[in-house]
Amino acid sequence: MSNQVQVRSHKADKLIERMSKKLTRQIVGSLTACVHCGLCTDSCHYVLTNPDDPTYAPAYKADRVRKIFKRHFDWTGRVIPWWVGAASVSTDEDLEELKDIAFGKCTNCRRCTINCPMGVDFAVVNRMMRGLLVSVGVMPEGVAVVSKDQWEIGNQMGVLKEEYLETLEWMSEELSSDLDDPSAIIPVDLRDADVVYSINPREVKYDPRSIADAAKIFHMAGEKWTMPSEGWDMTNFGLFSGDDDLGGAVARRLYEKVSELNGKKLVISECGHGYRSTRCEGPNWAGMDVPFVMESSVTTMLRYIKDGRITVDKTRNTTPVTFHDSCNNARSCGLFEEPRELLNLVVTDFREMYPNRSENYCCTGGGGAMSMSEYTPQRLKSARVKADQLAATGASTVVTSCHNCVDGLADCIRHYKLNMQVTQLVNLVANAMVVPVRVAAPEVVAVPDVVAVEPVAARVPLCLAGRRILVVDDEPDVLAFYGAVLQDNGATVFEATDGDTAIAIARREKPDMITLDLSMPGTDGGKVFETLRQDTETSGIRICIITGRPELRRLIYDRAVFPPEGYLDKPVDDETLLRNVRKILEVN
Ligand code: SF4
Ligand code: SF4
């Protein structure tokens, strides 16, 4: 007989006590209606990739919660617990087991739900259990960190207000320059705008190009639009953590800011859980009547094209693309025809993925899974279903209207070595958009009788004169091009075609700045970046990552070192290169 004494957990007692307050009619319905027919079993990507492990079955997972419900809140379980399989939780180990089910074995994708003839919504039960566990402090570390950032800083990724505003300013400058139009800007906190645009903090941190592309579309559509200086994050970790209080606080911040600006419509950038949280669940969590219209930017872009406010040329997007439906957009909110209509207007070769729409499989990054690193192996194993779906399309690009899915798909593509890239509709629409060429009015210049022609170098000091820049890229053409642009503008340029040489030159020459490719033979750019940052002699050198592999962006920013000063996606033209180098070196 074991001498081990099971210590009763006060957290377990609290969880049971709090459960009584969470039992809505919908949840009780899902806890009582299951007849264990098993029809939902094969709906789940975890089951399909673990066929010999019954603990992944939706009904099995739901039963772990159902047993507690029966033991404490159903008369049958109170009177004849052994008969109806009722069982309580009493120890910290019990709670850990529940945590591993609620967070590690389900992405709350709801695919099992639509395949249940009894209307059981396991995801809603699972979200309740997540919320109860979070309320007693039992959760994956990533969930605690992200929730804290959203509570305290106001967004999921801890982006500071200055960082956000600086990025908008930077993208605004890019837009003016790109369109050669000083009126093309990103307006911030404009009152009475017809559109207030809210984004995912991932766009600020890893994908500012999406902000610039959206701004270009709003500008070309002649929209009276703005972005808020605060309360701009339309994502909501409350949906994933099950914490309704967090959900309400986050949604309220955004609604109040739009109301303060007297915005007519809130447009939500492409994000599945952001759309569901903000448009569908948020008003309930926040307990508010929202006085303005809310829509996905997919709907907005489609309307602009249909109304003739922007013109697109689909022959600019000719690579074969497929579309991944985000579970939250498609299954939970019914947003699946609009993205297809839009895609068919802006690409020439759209290939459907099967199954699709509300039957589509999760990218496996849903339900906040990307933040729970302890479950990464089982997540990636379950991603084989998605990898097979992707590969079967033969497409080279997968489009999705969800930032979470961008990360989930990128991980899946990397893990299963698929030759694909991920993008979003906003990028394709911006690329297909026909921008009329601006014809500048000829300037009338008074010409003096005698013109003394100074040498150009004497008249216009070269903007990078005196600056020392190390250019690192394994492609000789790219190296020569960047080098020429920088030298033509006065910089002294050093060159390296591999990582080890780059580190050696950086240590020896201490340049003012480095442009750094990521994919290189030998020591890759990511390792070079980290090494230079960790070395006190080179840590202060400004670095601009220039890569043709946007999926590596996260790997750079996730490193435990100070982030790079600049980040550009290839191909980069001379103007963009020079503009960014000047910005990073702070030269006029
Ligand atoms: S399909 Fe519905 S009733 Fe059947 S086992 Fe699954 S949850 Fe239960
Ligand atoms: S919600 Fe999705 S991940 Fe969770 S059990 Fe159902 S099918 Fe599986």
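Every value quoted in this text rests on a predicted model; they were computed, and no experiment measured them.

## Comments concerning the site of ligand 1
Lining the immediate surroundings of ligand 1 are Cys34, Val35, His36, Cys37, Gly38, Leu39, Cys40, Ala59, Cys116, Pro117, Met118 and Val120. Using a 2 Å cut-off from the grid points, one finds that ligand 1 occupies the largest cavity. Taken together, the residues that form the shell around ligand 1 break down as 10 nonpolar, 2 polar and no charged.

## Comments concerning the pattern of salt bridges
Applying the stated rule across the entire model yields 41 salt bridges. Residues arginine 316 and aspartate 313 are paired through a salt bridge, measuring 3.8 Å at the closest nitrogen-oxygen approach. Assessed through its relative accessible area of 26%, aspartate 313 is described here as partly exposed. A salt bridge links lysine 570 to glutamate 475; its shortest N-O distance comes to 3.7 Å. Here lysine 570, found in the loop between strand E13 (566-569) and helix H29 (574-585), pairs with glutamate 475, found in the loop between strand E9 (468-472) and helix H25 (476-488); they are 95 residues apart in sequence, far enough to count as distant. Look at glutamate 475 and you get partly exposed, because its relative accessible area is 39%. One continuous salt-bridge network, built from bridges that share partners, spans Asp325, Glu337, Arg340, Glu352 and Arg357.

## Considerations on the confidence of the model for the chain
When pLDDT is averaged along the chain, the result is 92, and 95% of the positions lie at 70 or above. Across residues 446-460 the pLDDT falls below 50, and counting only partners more than four positions away or on other chains, this stretch makes 1 contact in the model.

## A short note on helix H7 (residues 92-104)
The periodicity of an α-helix, 3.6 residues per turn, causes residues three or four places apart in sequence to face the same way. With 13 residues, H7 ought to run about 18 Å at 1.5 Å a step, and its terminal C-alpha atoms sit 17 Å apart, in line with that. Turning to H7, its buried residues are Leu95, Leu98, Lys99, Ile101, Ala102, Phe103 and Gly104.

## Section: the environment of aspartate 574
Looking at the secondary structure, you find aspartate 574 in helix H29. In this structure the C-alpha to C-alpha distance between aspartate 574 and alanine 484, which are 90 residues apart in sequence, comes to 9.4 Å. Other than its neighbours up to four places away in sequence, aspartate 574 contacts Phe481 and Val485.

## Structural notes on the site of ligand 2
Near ligand 2, the surroundings consist of Cys44, His45, Tyr46, Pro58, Lys61, Cys106, Thr107, Asn108, Cys109, Arg110, Cys112 and Phe122. More than half of the atoms belonging to ligand 2 lie within 2 Å of the grid points that define the second largest cavity. Within the residue set of the shell around ligand 2, elements represented by two or more residues are helix H3 (45-49) and helix H4 (58-73). Residue classes in the shell around ligand 2 are distributed as 7 nonpolar, 3 polar and 2 charged.

## Looking at empty space enclosed by the protein
According to the stated counting rule, one finds 7 cavities of 30 Å³ or more in the structure shown. For the largest cavity, the calculated volume is near 150 Å³. Taken together, 18 residues form the lining of the largest cavity, with Cys34, Cys40, Ala59, Cys116 and Val120 sitting closest to its centre. Elements that contribute at least two residues to the lining of the largest cavity include exactly H4 and helix H8 (111-114). Ranked by residue count, the leading element in the lining of the largest cavity is H4, at 4 residues. Of the residues in the lining of the largest cavity, the class split is 14 nonpolar, 3 polar and 1 charged. Its boundaries defined by the atoms lining it, the second largest cavity holds a volume of some 90 Å³. Taken together, 16 residues form the lining of the second largest cavity, with Cys44, Lys61, Cys106, Cys109 and Cys112 sitting closest to its centre. For the lining of the second largest cavity, the secondary-structure elements that each account for two or more residues are H3, H4, H8 and helix H9 (122-135). Split into classes, the residues belonging to the lining of the second largest cavity amount to 8 nonpolar, 4 polar and 4 charged.

## Focus: the sheet that holds E9
With respect to topology, 5 strands assemble into an open sheet ordered E10-E9-E11-E12-E13, the strand pairing being parallel. Of all the strands in the sheet, just strand E10 (492-496) and E13 have a single pairing partner and so form its edges. Direction aside, neighbouring strands of the sheet carry axes that sit 20° apart on average. Bridge count for strand E12 (residues 542-547) against E13 is 4 bridges, and the pairing is parallel.

## Some points on the pairing of E10
Residues in a regular strand project their side chains so that they alternate between the two faces of the sheet. Where E9 lies against E10, 5 bridges are found, and the strand directions are parallel. Each residue of the ladder has a partner; that of valine 471, found in E10, is glutamate 495. What joins E9 to E10 is H25, and the crossover it makes is right-handed.

How each quantity is defined
Residues numbered from 1 in each chain as written. Chains lettered and ligands numbered in written order. Predicted model: local features only at pLDDT ≥ 70, side-chain atom pairs only at ≥ 80, totals over all residues. Heavy atoms only, no water. Near = heavy atom within 4 Å. 1 Å grid on protein atoms, 1.4 Å probe; cavity = no way out; pocket = protein on both sides within 12 Å on 5 of 7 lines; lining within 4 Å. Sits in = over half its atoms within 2 Å of the grid points. Nonpolar A, V, L, I, M, F, W, Y, C, P; charged D, E, K, R; others polar. Salt bridge = Lys/Arg side-chain N within 4 Å of Asp/Glu carboxyl O. Buried < 20%, exposed > 50% of the residue type's maximum accessible area, 1.4 Å probe, protein only. Helix = DSSP H or I, 4+ residues; strand = E, 2+ residues; numbered from the N terminus. pLDDT = per-residue confidence, 0-100. Contact = heavy atoms within 4.5 Å. Expected span 1.5 Å × (residues − 1). Points joined across faces, edges and corners; volume = space filled by probe spheres on them. Pairing = 2+ DSSP bridges. Axes fitted to C-alpha atoms, helices over the stretch in contact; angles between N-to-C directions. Right-handed = clockwise from strand over helix to strand, strands pointing away.

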